[in-house]
Amino acid sequence: FSSWLSQFGFHHDQIQDILHDLNAVGNQYYSKDGFQLLVDRDFLLMSQLKPSFNEVKHVIAIDEEFTIQLPKGSLTFFPDMILPTAEELRSDSMTAYFDNELIRENLVVRSWLPGDFIMPSGMKGKKKKLQDILTDQKIDRLSKTDIIVVQHQKDILWVVGHTISEKYKLTENSTRAFKIVFSKVKRTVFIYSFRSRGLLC
């Protein structure tokens, strides 16, 4: 275990601190080689640090197809599309469809914030905190730093890869769709299991 940590640039004193605090869920450690270690329940999650998404904010015009590059991937916007089939709606969590007629102003792409709310699809107009949604889905703290949102006016349209807004979703009255596709850059995370005492991936 110590040799596994040292190969990522953690020095001896750090390793001793980690071994001492294996039950301290949420603790984070940073190595000289640019790796972050997160203590998460039964696992240790190791990933290479990348630029913070909190420094990224884009304003997107809604009148033409457009792609933006982000630290974790890219987002492509397709306004005024034909309606998707039922199969297309269900097939991919990284593709979202909205009622084109309801999107009237520029969109904002940004990192999520602890105070953010969304009206999740299927909740009949009730708002819910994003932090609670991510907790319910058992998203670990390291992965939460990658979460991005697409915002229209004061509303969040899409927590990318997780849930869309009930307010803007397609209905039987919709005639055209606004489509957004997220292409994610794969992030390598090494997972060490407390239970099996070994590297999972």
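About the criteria used
- Residues numbered from 1 in each chain as written.
- Predicted model: local features only at pLDDT ≥ 70, side-chain atom pairs only at ≥ 80, totals over all residues.
- Heavy atoms only, no water.
- Pairing = 2+ DSSP bridges.
- Helix = DSSP H or I, 4+ residues; strand = E, 2+ residues; numbered from the N terminus.
- Buried < 20%, exposed > 50% of the residue type's maximum accessible area, 1.4 Å probe, protein only.

The next point concerns the sheet that holds strand 12 (residues 155-159). In space, the 5 strands of this open sheet follow the order 4-8-11-12-13, with antiparallel pairing throughout. Each of the sheet's edge strands pairs with one partner strand only, and the pair in question is strand 4 (57-60) and strand 13 (163-164). Relative to strand 12, strand 11 (residues 148-152) is paired through 4 bridges, and the arrangement is antiparallel. Paired with Q151 across the strands is I156, a residue of strand 12.

Once that is clear, we can look at the pairing of strand 11. Of all 5 residues in strand 11, 5 are buried, a share of seventy percent or more. Here strand 8 (residues 107-111) pairs with strand 11 via 5 bridges, running antiparallel. Within strand 11, the position partnered with V109 by the bridge is V150. What sits between strand 11 and strand 12 in their antiparallel hairpin is a turn of 2 residues, with Q153 showing a positive phi close to 55 degrees.

Don't take any of this as a statement about function, it's just geometry.
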